[in-house]
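# Close look at the chain arrangement
Listed below, chain by chain, are the residues.
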Amino acid sequence: MGTVFSFDIACDGGPRVRSAIEAAVASLHTADAVFSTYRPDSQLSRLARGEVDLARCDADVAEVLRLCERARERTDGWFSAGYAGGLDPTGLVKGWAVERAARMISEAGARGVCVNGGGDIQLLGEPEPGQPWRVGIAHPLRPGELATVVEGADELAVATSGTAERGCHVLDPRSGRPPVDAAASVTVLARSLADADAWATAAFAMGTRARHWLDAQAGVEGFAVTADGGTWRTTRFDRVSAVRCS
Amino acid sequence: MTTTYDGRAVRRHAAPPLRARRSPAPLILALVHLGAAGVLALWWTGTSSVVGTDGWLVGAGRIAGLLTGYTCAVLVALMARVPALERGVGSDRVARWHAMAGRWTVSLLAVHAGCVLLGYAMQDHSSLVHETLNVVLHYPDMLKGTLGAVILVAVGLLSARAVRRRVAYETWYYLHLLTYVAVFLAFFHQLSLGAQFAGNAVAQAAWYLLYGGAAGLVLWYRVLAPVRLNARHRLRVESVVREAPDVHSVLIRGERLAELGAEPGQFLRWRFLSGALRWTATPYSLSAAPRHDRLRITVKAAGGHSAALAGLRPGTRVWAEGPYGALTAGRRSRRKVLLVAGGVGITPLRALFETLPAGPGDLTLLYRARTPEDLALWGELQEIASVRGARVYSAVNGPDGRRADISAAALRTVLPDIAEHDAYLCGPPGLMEQAHAALREAGVPGRRIHHESFEL
Amino acid sequence: MLTRNPLRRTVLGAAATVSGIVLLLALKPHSAPAPALAHATAPTSPPTSSAGAPSTGAPSKGGTAPAKRTGTVTGSTVQTDYGPVQVQATFANGRITGVTALQTPSDNPRDQEIASYAVPQLTREAIAAQSAHIDAVSGASYTSAGYIQSLQSALDRAGG
């Protein structure tokens, strides 16, 4: 996936956690091998070309596609695994893989887990007893600055979608074109990173209406930096973010 | 105007078992309120919590917005001239509902816009002006939504009583039609921005159904039904007859009028396709029982329009919509009936006087006018009274110009068993209020006092 | 209807509507539900216990107490779709003071372009994150910033 995954783990150094970290890293490599759209030999690429059918693929493929379908339904079609005619669940797969890796480590007994997969972050537990994790949201228009900071513990996922760095990589599934009134970046908070990743992709594709849409979703909060440098946030976002940097 | 066939019919059913037709008003009101509760439930289920001042503001704005969207559809449906409303509830009452709902809609709209913008501004830590510009200019469908809101508020202000009096009826009427444009324009932002509709296919479907239903009612009852009616009945002026100073009857000939289903006591909206008259549709009651080939209205010259009717030429084409109105025999629940007419309010009561099933002595008409000459149709009324064994009393102003009061005592003198009567009232507001109060005092319960007022 | 006062009805209707709306709002919970979690207080010191590993390297042991580091740490070389990336971070007393890119992709102009702004951007970001006591940074499309996750590995090696 061309992405670096960073682990931040709070625990008392038990061997179970250590082997869970190894298993988690291995699971990320596996996910990359299975789902990469850049690798022509990945299961996903072969599935997209019709060389294999779903039954012969890894069980993970079916699960991710099922999650994609669920996300498509829950986002009213704004999230779509169809990309320029091909099959591309990347709007969700990285989040899904990171979340799975984080949960593996957490279930092995780590007090706190923070896995950052190229800017999509799954937080579990807490870094220190009674202390929340703190996640900065990079300002898409002012390099080096943070737009805001989010705090959370127990179970919090942060996913950001936007045009920064590589140009627009999210298309409006309805028009097949980049969203017309796209924000510079949209950040979504949820409990699960697989969800947050899909919501963020969908919200970015929606443009300005994302704010209202996110507001209506239970258990999801959103924050965006608009193309003109303004920001908006959903009604309860401030209850999550601790610091305003804008 | 002869009354023979109706007269015979009447005598045959001199003592029918009487049970008042139930007004659908309570049911319709209950449905409308149920719908509003459904809209609130939509907000309730789609909202997990309300946090902070901004949360309260945005929440209040959303509730108000949802209700505004709902009442807009109700407003349109109320004015669609649906027979169940116009004939069952009564046009005057529906118009009052519409006016009430209109005031409510404009107020809710103000709350909606104000609260949402303030809440957003607080959330974004920006000024209200900046936030407003941002929402109006950059949010999807909000230019349309804003324009719709501006039109709605403008029409609402124009309809406020103080302004309405100073505006010509035609001006008011045609500007009022802009409401449809406003509702149409405002519809889009409800679905594209309404937090409660995003991703909620059921709510979206319900909203489409609500608005589609209202639009369908308007299209059917305000456009297609009148076209069908006029194509079928081909109405033309037959003659114009002077009945009293400033009072004229217009006889209108048409085909297959039995299929029109008009009842005595009802009215139609008439548009005479001649000169400037063609721009106005005015409600006039049938002043005689409708016949299979002829209708009659009686009009007092109160303004330019009604005065011009006196000059109508035979053969003038007429565009009519209706019949409307609930002041019909179906409202009656007692054998004995008192009709109280004031001035030209005699017209629907004249038709009822002629046709209400009644035995001799059951029917009494009290007719008040300024002078004996103003008692239009007086000859006819006396003729009907003698044929049917009914009584007709007139009350005219005294020589000193004092009006004859209608009091409970006077009513009891004329009709000792007044409390056993149904009463039908039609006339100017002053008379209606006075007669209503006197009847209540004389022991007639409100549900047996039937009236219709055209001061909409 | 003749006896009813329209003004009173309007006032009553307005009062009922306003109280209804306020009641509805009041009946909703007034604290944020998920995902607004647990702690509202800002931490007074940066989280200390951390361990990290880029996917290209083996995970290091969790739970070690961080040293207040001064000096230079070189991150892993990260293979990206655009080419290899490696950065070097300079620390003063546990805080990043500078980041240098040792390797950036260079096989096509577009990648160079990306690298030319992505690297300084993430350098500043890393410094911002440090100064704000941030555990992680979320941003749009970190695929190219995967490069700079080499920096993250440098951070990880420096022990936070």
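What you are looking at is a predicted structure, and each value in this text was computed from that prediction instead of being measured. For every chain, the first residue of the written sequence is number 1, and numbering continues from 1 along that sequence. Going through the entries in the order they are written, you letter the chains from A and number the ligands from 1. Side-chain atom pairs in this predicted model are given and counted only at pLDDT of 80 or more, local residue features only at pLDDT of at least 70, and totals for whole chains, interfaces and linings cover all residues. Side-chain numbers come from the whole structure's heavy atoms, not from hydrogens or water.

## Let's talk about the overall build of chain B
In terms of helices and strands, chain B carries 15 helices and 11 strands. Here chain B displays about 20300 Å² of accessible surface, and carbon together with sulfur accounts for 63% of that area. Comment: elements are numbered from the N terminus, with helices defined as DSSP H or I runs of at least four residues and strands as E runs of at least two. Throughout, the Shrake-Rupley method with a 1.4 Å probe supplies accessible areas, and for residues the shown protein chains are the sole cover considered.

## So, the sheet that holds strand E5 (residues 294-300) of chain B
Residues and elements named next belong to chain B. Strand pairing is assigned whenever DSSP detects at least two bridges linking the two strands. Sheet architecture is open: 3 strands sit in the order E1-E2-E5, paired in antiparallel fashion. The open sheet is flanked by strand E1 (236-244) and E5, the only strands paired with a single partner. For this sheet, the mean angle separating the axes of adjacent strands, direction not counted, is 20 degrees. Where strand E2 (residues 247-253) and E5 come together, 7 bridges link them in antiparallel fashion. For Val247, the partnering residue across the bridge sits in E5 and is Lys300. Think of each axis as a best-fit line through the C-alpha atoms, taken over the contacting stretch in the case of a helix, with angles from 0 to 180 degrees between the N-to-C directions.

## A few points about the interface of chain A and chain B
Listed per partner, the contact involves 17 residues of chain A and 22 residues of chain B. Carbon and sulfur atoms make up 44% of the area that chain A and chain B hide from each other, which totals about 1800 Å². Computed with a 1.4 Å rolling probe, the buried area is the accessible surface lost when two parts are put together, summed over both parts. A per-residue breakdown of the area chain A buries against chain B is headed by Arg211, His212 and Arg236 of chain A, which together make up 32% of the total. The working definition used for a salt bridge is a side-chain nitrogen of Lys or Arg within 4 Å of a carboxyl oxygen of Asp or Glu. For Glu131 of chain B, the salt bridge goes to Arg211 of chain A, with nearest N and O atoms at 3.9 Å. Mapped by element, the contributors of at least two residues to the side of chain A that touches chain B are helix H6 (210-216) and strand E11 (231-233) of chain A. When residues in the side of chain A that touches chain B are grouped by element, the largest group, 5 residues, is from H6 of chain A. Basically, the charged four are Asp, Glu, Lys and Arg, the nonpolar ten are Ala, Val, Leu, Ile, Met, Phe, Trp, Tyr, Cys and Pro, and anything else, Gly included, counts as polar. Here the side of chain A that touches chain B is built from residues that sort into 3 nonpolar, 5 polar and 9 charged. It only takes one pair of heavy atoms within 4.5 Å for two residues to be counted as in contact.

## Re a nonpolar patch on the surface
Each patch groups residues whose relative accessible area exceeds 30% and which form no salt bridge, using 9 Å between like charges and 5 Å between nonpolar side chains of Val, Leu, Ile, Met, Phe, Trp and Tyr. A surface patch of nonpolar side chains, about 440 Å² in accessible area, is lined by Leu219, Trp220, Val223, Leu224 and Val227 of chain B. The classification of residues rests on relative accessible area computed with a 1.4 Å probe and restricted to protein chains. Under 20% of the type maximum is buried, over 50% is exposed, and intermediate values are partly exposed. Val227 of chain B sits in the partly exposed class, given a relative accessible area of 43%.

## A few points about the nonpolar core
To qualify as a nonpolar core, a set must consist of buried Ala, Val, Leu, Ile, Met, Phe, Trp, Tyr and Cys residues joined through side-chain atoms within 4.5 Å. Core analysis: the biggest nonpolar cluster contains 62 residues, and Phe7, Ile9, Phe35, Leu92, Trp96 and Ile105 of chain A have the highest contact counts within it. Tallying contributions element by element places helix H5 (residues 193-206) of chain A first for this core, with 11 residues. Within the second largest apolar cluster, 46 residues are counted, among which are Trp43, Val76, Leu85 and Val218 of chain B.

## Quick word on the environment of Gly304 of chain B
As for its placement among the helices and strands, Gly304 of chain B is situated in helix H11 (residues 304-308). Between the C-alpha atom of Gly304 of chain B and that of Leu277 of chain B, which follows or precedes it by 27 residues, the distance is 9.5 Å.

## Brief notes about the environment of Trp43 of chain B
Locating Trp43 of chain B in the fold gives a position in helix H2 (residues 25-46). You can call Trp43 of chain B buried: its relative accessible area is 1%. Those residues in contact with Trp43 of chain B that sit more than four places away from it in its chain are Val50, Gly59, Arg62, Ile63, Leu66 and Gln196 of chain B together with Leu24, Leu25 and Lys28 of chain C.

Nothing here speaks to function; it is all geometry.
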